[in-house]
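Residue strings, one per chain:
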Amino acid sequence: MKREFLLVAEGLTKSFDGFKAIDNINFYLDRGELRTIIGPNGAGKSTFLDLITGRTRPDSGTITYRGNPITRLREYEIYRLGIGRKFQTPSIYAHHTVFENLLLGLKGPRGVFSSIFHRISSSEKNRIAEVLEIIGLTEKAHIPAGLLSHGQKQWLEIGMLLAQEAELLLLDEPAAGMSDEETEKTGNLLLTLAGGHTLIVIEHDMTFIRRLASRVTVLHQGRILCEGSFEHVQNDPRVQEVYLGRKHRAHNQPNS
Ligand code: ADP
Ligand code: MG
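Our subject in this report is the structure included herewith. (Residues numbered from 1 in each chain as written. Chains lettered and ligands numbered in written order. Predicted model: local features only at pLDDT ≥ 70, side-chain atom pairs only at ≥ 80, totals over all residues. Heavy atoms only, no water.)

1. Some points on a negative patch on the surface
Point 1. A grouping of Asp-180, Glu-181, Glu-184 and Asp-205 is seen on the molecular surface, where their side chains present a negatively charged patch.
Point 2. Within the secondary structure layout, Glu-184 lies in helix H7 (residues 180-193).
Point 3. Owing to a relative accessible area of 45%, Glu-184 belongs among the partly exposed residues under this scheme. (Patch = residues over 30% accessible without salt bridge, like charges linked within 9 Å, V, L, I, M, F, W, Y side chains within 5 Å. Areas by Shrake-Rupley, 256 points an atom, 1.4 Å probe, with all protein chains shown as cover. Salt bridge = Lys/Arg side-chain N within 4 Å of Asp/Glu carboxyl O. Lys, Arg positive; Asp, Glu negative; His and termini not counted. Charge placed at Lys NZ, Arg CZ, Asp CG, Glu CD. Helix = DSSP H or I, 4+ residues; strand = E, 2+ residues; numbered from the N terminus. Buried < 20%, exposed > 50% of the residue type's maximum accessible area, 1.4 Å probe, protein only.)

In structure tokens:
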């Protein structure tokens with residue numbers, strides 16, 4: 001039987017003013033997989049997510065989701081197919097409660113403000129309660145989201161993706177700026193979600209990535225440099241060169 005990937009990108013290329021931010025990428029993601037993408041600044045990680053979500057159009061190549069091409073769809077159409085994106089900076093409604101923010105995820109931006117002051121169905125309430133449990137914010141449900149800690153805001157935003165029933169979660173540096181304890185909780189959350197959801201996680205923190213023990217894709221200059229287990233990637237001399245090369249050279253220079 002032919003293997004069915006949830007997401008496939010083939011020959012994906014995107015240039016900005018002649019500079020290839022994404023250069024002929026082939027990428028295959030299993031349903032339920034948790035994939036981490038690493039790579040130095042400017043490697044093309046965020047652009048890759050932009051291409052998946054339709055925020056940016058590729059110059060060439062295809063992206064298919066559940067076997068259907070999505071390369072030509074608009075951003076909102078891709079979102080409706082169940083592909084949810086979390087940006088580096090949280091975009092929550094600070095003056096609304098945690099509960100209301102999740103309701104926003106559930107209803108979409110247009111439905112929410114009317115529904116806050118009207119009836120919420122019991123199935124909606126149950127779904128929000130479920131999401132609050134998953135993200136560990138049940139006790140914070142009725143405080144303004146602006147009062148949450150940095151880490152809690154990130155979890156709320158992941159919760160909003162869950163409320164909108166996203167199947168594929170694209171998370172850009174979800175643990176950035178977190179305390180060690182929050183980082184560990186985030187790792188646990190992502191591991192809990194994997195299986196039932198499919199995740200692409202961009203991260204820098206190697207301890208965090210090691211703990212996830214997922215398949216790792218290393219991007220460098222818009223290309224996939226290496227792919228495999230954390231250990232495989234860590235032991236690849238090309239990856240070591242990309243991450244450590246400059247440092248080693250600096251150490252070897254007499255004047256540095
Ligand atoms: P990463 O997320 O891996 O740090 P990015 O995907 O943000 O890298 O950027 C990859 C390269 O593409 C960078 O050189 C960046 O300056 C360039 N780039 C990204 N988006 C745009 C854009 N909208 N316009 C012009 N250049 C861009
Ligand atoms: Mg980025």
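2. Examining the pattern of salt bridges
Point 1. Across all of its chains, the model carries 14 salt bridges by this definition.
Point 2. In this structure, Glu-167 engages Arg-31 in a salt bridge whose closest nitrogen and oxygen atoms are separated by 2.8 Å. Here Arg-31 lies in the loop between strand S2 (19-29) and strand S3 (34-38) and Glu-167 lies in the loop between helix H6 (150-163) and strand S7 (168-172), a separation of 136 residues in the sequence.
Point 3. For Arg-85, the salt bridge goes to Asp-50, with nearest N and O atoms at 3.0 Å. You can see Arg-85 sitting in strand S6 (residues 83-86) and its partner Asp-50 sitting in helix H1 (residues 45-53), a full 35 residues away along the chain.
Point 4. Overall, the relative accessible area of 12% leaves Arg-85 in the buried class.

3. Here's the deal with the packing of aromatic side chains
Point 1. If you walk through the whole model with that rule in mind, you get 2 aromatic pairs.
Point 2. Centroid distance Phe-27 to Phe-48: 4.9 Å. Interplanar angle 70°. Geometry classified as edge-to-face. You can see Phe-27 sitting in strand S2 and its partner Phe-48 sitting in helix H1, a full 21 residues away along the chain.
Point 3. By relative accessible area, which is 2% here, Phe-48 ends up buried. (Phe/Tyr/Trp six-rings, centres within 6.5 Å; stacked < 30°, edge-to-face > 60°.)

4. As for the site of ligand 1
Point 1. Taken together, Phe-16, Phe-19, Ala-21, Pro-40, Asn-41, Gly-42, Ala-43, Gly-44, Lys-45, Ser-46 and Thr-47 make up the full set of residues near ligand 1.
Point 2. One of the backbone nitrogen or oxygen atoms of Gly-44 is found 3.0 Å away from an oxygen atom of ligand 1.
Point 3. Between ligand 1 and the protein, one listed contact pairs an oxygen atom with a side-chain N or O atom of Thr-47 at 2.5 Å.
Point 4. Burial of ligand 1 by the surrounding chains reaches 58%, relative to a free accessible area of 560 Å².
Point 5. Of all the secondary structure elements, the ones that give two or more residues to the shell around ligand 1 are S2 and H1.
Point 6. With 3 residues, the single largest contributor to the shell around ligand 1 is H1.
Point 7. Broken down by class, the residue content of the shell around ligand 1 amounts to 5 nonpolar, 5 polar and 1 charged. (Near = heavy atom within 4 Å. Polar contact = N/O pair within 3.5 Å; in protein donor to acceptor, adjacent residues only side chain to side chain. Nonpolar A, V, L, I, M, F, W, Y, C, P; charged D, E, K, R; others polar.)

5. Topic: unusual backbone geometry
Point 1. Non-glycine residue Glu-165 carries a positive phi angle of around 65°.
Point 2. With respect to the helices and strands, the residue Glu-165 is situated in the loop between H6 and S7.
Point 3. Unusually for a residue other than glycine, Gln-221 sits at a positive phi of about 50°.
Point 4. With respect to the helices and strands, the residue Gln-221 is situated in the loop between strand S9 (215-220) and strand S10 (223-228).

6. Quick look at the pairing of S6
Every regular strand shows the same layout, with side chains that alternate between the two sheet faces.
Point 1. Burial along S6 is two-sided: Ile-83 and Arg-85 facing one way and Gly-84 and Lys-86 facing the other are all buried.
Point 2. Direction of pairing for S6 relative to S7: parallel, over a ladder of 4 bridges. Its bridge partner being in S7, Lys-86 is matched across the sheet by Leu-171. (Pairing = 2+ DSSP bridges.)

7. Focus: helix H5 (residues 122-135)
Residues spaced three or four apart along an α-helix point in a common direction, a consequence of the helix completing one turn every 3.6 residues.
Point 1. The terminal C-alpha atoms of H5, which comprises 14 residues, lie 20 Å apart, in line with the 20 Å expected from a rise of 1.5 Å per residue.
Point 2. Turning to H5, its buried residues are Glu-124, Arg-127, Ile-128, Val-131, Leu-132 and Ile-135. Each buried residue of H5 lies within a common arc of 140° when the element is viewed along its axis, so the set occupies one face. Exposed residues pointing more than 90 degrees away from the buried face of H5 are listed as Ser-122, Ser-123, Asn-126 and Glu-133.
Point 3. Contacts from the buried residues of H5 go to helix H3 (98-107), H6 and H7. (Expected span 1.5 Å × (residues − 1). Arc of directions from axis to C-beta. Contact = heavy atoms within 4.5 Å.)

8. Some points on empty space enclosed by the protein
Point 1. For the structure on display, the rule yields 1 cavity of 30 Å³ or more.
Point 2. Approximately 30 Å³ is the volume found for the largest cavity.
Point 3. Around the largest cavity, the lining residues are Leu-51, Ile-52, Gly-54, Thr-56, Arg-57, Pro-58, Ile-63, Ile-70, Thr-71 and Ile-78.
Point 4. Across the lining of the largest cavity, the residue classes break down as 6 nonpolar, 3 polar and 1 charged. (1 Å grid on protein atoms, 1.4 Å probe; cavity = no way out; pocket = protein on both sides within 12 Å on 5 of 7 lines; lining within 4 Å. Points joined across faces, edges and corners; volume = space filled by probe spheres on them.)

9. Comments concerning the packing of H3 against H5
Point 1. With their axes 10 Å apart at the nearest point, H3 and H5 run at an angle of 115° to one another. In terms of crossing hand, the pair formed by H3 and H5 is right-handed. Residue-level contacts link Val-98, Phe-99, Leu-102, Leu-103, Leu-106 and Lys-107 of H3 to Glu-124, Lys-125, Arg-127, Ile-128, Val-131 and Leu-132 of H5. (Axes fitted to C-alpha atoms, helices over the stretch in contact; angles between N-to-C directions. Left-handed = near helix turned anticlockwise from the far one by under 90°.)

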